[in-house]
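Below are the chains, spelled out letter by letter.
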Amino acid sequence: MGRSPATNPFTPGFGNLPRVFAGRKTEFADLELLVDRLAQGIYEQVRLVTGDRGVGKTTLLRELEEEQREAGRWVVRASATRGDAVIGRLCRGLATLLHERDVAAGLARGARDALRRLAGISLGPGGVTVELHEAGTSDRADELEELLAAVGGLARERGTVLLLLVDEAQNIGLDALGDLFHALQEVQGRVVATRDGRSGALRRDALPVGAVVAGLPGLVGRLKNAGSTFGERSKPLPLRGFGEGDMREGLRALAREGGATFDADALELLMAACGGYPYFLHLIGSQMWNAGDGAVITRADAAAGLAAARPLVTDFYEQRLRELGPLQRRYLHAAARLEDRARTTGAIAAALGRRSEQLGSTQQALTAQHGLLRPTGDGRLEFALPGLADHLRATADDA
Ligand SMILES: Nc1ncnc2c1ncn2[C@@H]1O[C@H](COP(=O)(O)OP(=O)(O)OP(=O)(O)O)[C@@H](O)[C@H]1O
Ligand SMILES: [Mg+2]
């Protein structure tokens, strides 16, 4: 099949698995290492994947899930919404997994009770049943620990690893976040001591339970607020946009997948328009693909695609800006009017006729909650979304 909208390999959206997974080699290798080490009974820290919206957190988790499931690992992925719903979701995921792997009968009595109290779930020979009465427990962290330890023990007996993937973790309520991390920490601290048959040496194995938790950059601050030391104890995996090499390779691979190639000029145009941002790669790439039907995506196709993508990109910025309050919008407009090297909190405050201290929570919301600005590390702020500063400069500050 030739190049046509039907064969378009670009898939704009969120949380969808791309046809070709690009880049992320270092992060992915680290996650594979985590699982390999757990499989040998060696303790591994929880990984905290943080990054702005659309940077590829969910994609990374899903790619890992798919690979590890194929390798026979026990993977449970749950996405968090506000409050504590994620704990029930994890429990349902665990119950379904035990049923699918046909090991439910081996689950200890105490863990079964925990499952019922945590999520109103019973596990019988017929499968997973959600009971009608309300779930309720006075000590969620302990119950969760018991359940995870029991499932981890079963995984160990069967020579596999239990891997928990928690997405959108910035949404989890503080209590639930504290309980979840406490339980994980306790389970990971448990050891199984065995004596080597030959040498008689004592070996301590960790339970093969690993976790990868993903969320917006503000997640680390939330963990601190939950009174948990987990932010400090886990290993950070911050995700940024793609570097040039990964972007170029990813774009070429995607085009090949659809049966076409980019000429050099078209590729450079697309690279410049995306600024390394994975979501734009698909949004703009898709339009460039649809701008022609030749086996080579030309400079003219790229220019036409870019023009077609512009309203979509503008729409995307506008959607993000609509989430903001008037003062937050004014703050962003003021930040955009400053040059990159002069964009400090002090300069932004001065432009708004205020003192920096008065705007602390506004800046905090724009960095941690909305992920639109980020600290550069040397006292300045930069825009997290490529092109947003230009968009702000081009539109009036009507807030
Ligand atoms: N490694 C990758 N290779 C190819 N495409 C990718 C990659 N990572 C992300 N994408 C694409 O970018 C888009 C955004 O990715 P994703 O939904 O994973 O971001 P996210 O960080 O989870 O965002 P959010 O915070 O909004 O949930 C998706 O269309 C996805 O397919
Ligand atoms: Mg996501």
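The name that an unreviewed UniProt entry assigns to the protein is ATPase, with the source organism given as Egicoccus halophilus.

**Focus on the packing of aromatic side chains**
Counting across every chain of the model gives twelve aromatic pairs. On the basis of an interplanar angle of 85° and a centroid distance of 4.9 Å, the ring pair of Tyr277 and Phe280 is categorised as edge-to-face. The same class applies to Tyr277 and to Phe280, which are both buried. Ring plane angle 75° and centroid distance 5.6 Å describe the contact between Phe280 and Phe316, whose orientation is recorded as edge-to-face. On the criterion of sequence distance, the pair formed by Phe280 in helix α11 (residues 278-290) and Phe316 in helix α12 (residues 299-322) is long-range, its members being 36 residues apart. Aromatic ring contacts, followed pair by pair, group Phe14, Tyr277, Tyr279, Phe280, Phe316 and Tyr317 into a single cluster.

**Some thoughts on the site of ligand 1**
In the vicinity of ligand 1 there are 22 residues, among which Gly13, Gly15, Gly54, Lys57 and Thr59 approach most closely. Gly13 places a main-chain nitrogen or oxygen 2.8 Å from an oxygen atom of ligand 1. Breaking the shell around ligand 1 down by element, the ones donating at least two residues are α2 (57-70) and α11. Shared between two domains, the shell around ligand 1 holds at least three residues of each, these being domain 1 (25-238) and domain 2 (243-315).

**Describing the domain arrangement of the protein**
Along its sequence, the protein is organised into domain 1 (25-238), domain 2 (243-315) and domain 3 (323-394). Look at where the C-alpha atoms of domain 2 and domain 3 centre, and you get two points 30 Å apart.

**Topic: the pattern of salt bridges**
This structure, assessed with the given rule, holds 27 salt bridges. Here Arg47 ties to Asp30 by a salt bridge, and the two come within 2.6 Å at their closest N and O atoms. Pair noted here: Arg47 is in strand β1 (residues 47-50) and Asp30 is in helix α1 (residues 25-39), with a separation of 17 residues, a long-range link. Each member of the pair, Arg47 as well as Asp30, carries the same accessibility label: buried. Here Glu339 makes a salt bridge to Arg341, at a shortest N to O gap of 3.1 Å. When salt bridges with common partners are traced through the structure, they connect Asp30, Arg37, Glu44, Arg47 and Lys235 into a single cluster.

**Things to note about unusual backbone geometry**
Within the chain, Arg24 stands out as a residue other than glycine whose phi angle is a positive 60°. Summarising the element assignment, Arg24 is placed in the segment before α1. Backbone geometry at Asp102 places phi at a positive 65°, although glycine is not the residue there. Here Asp102 falls in the exposed class, since its relative accessible area comes to 70%.

What counts and how
- Residues numbered from 1 in each chain as written.
- Chains lettered and ligands numbered in written order.
- Predicted model: local features only at pLDDT ≥ 70, side-chain atom pairs only at ≥ 80, totals over all residues.
- Heavy atoms only, no water.
- Phe/Tyr/Trp six-rings, centres within 6.5 Å; stacked < 30°, edge-to-face > 60°.
- Buried < 20%, exposed > 50% of the residue type's maximum accessible area, 1.4 Å probe, protein only.
- Helix = DSSP H or I, 4+ residues; strand = E, 2+ residues; numbered from the N terminus.
- Near = heavy atom within 4 Å.
- Polar contact = N/O pair within 3.5 Å; in protein donor to acceptor, adjacent residues only side chain to side chain.
- Domains from an automatic or database assignment.
- Salt bridge = Lys/Arg side-chain N within 4 Å of Asp/Glu carboxyl O.

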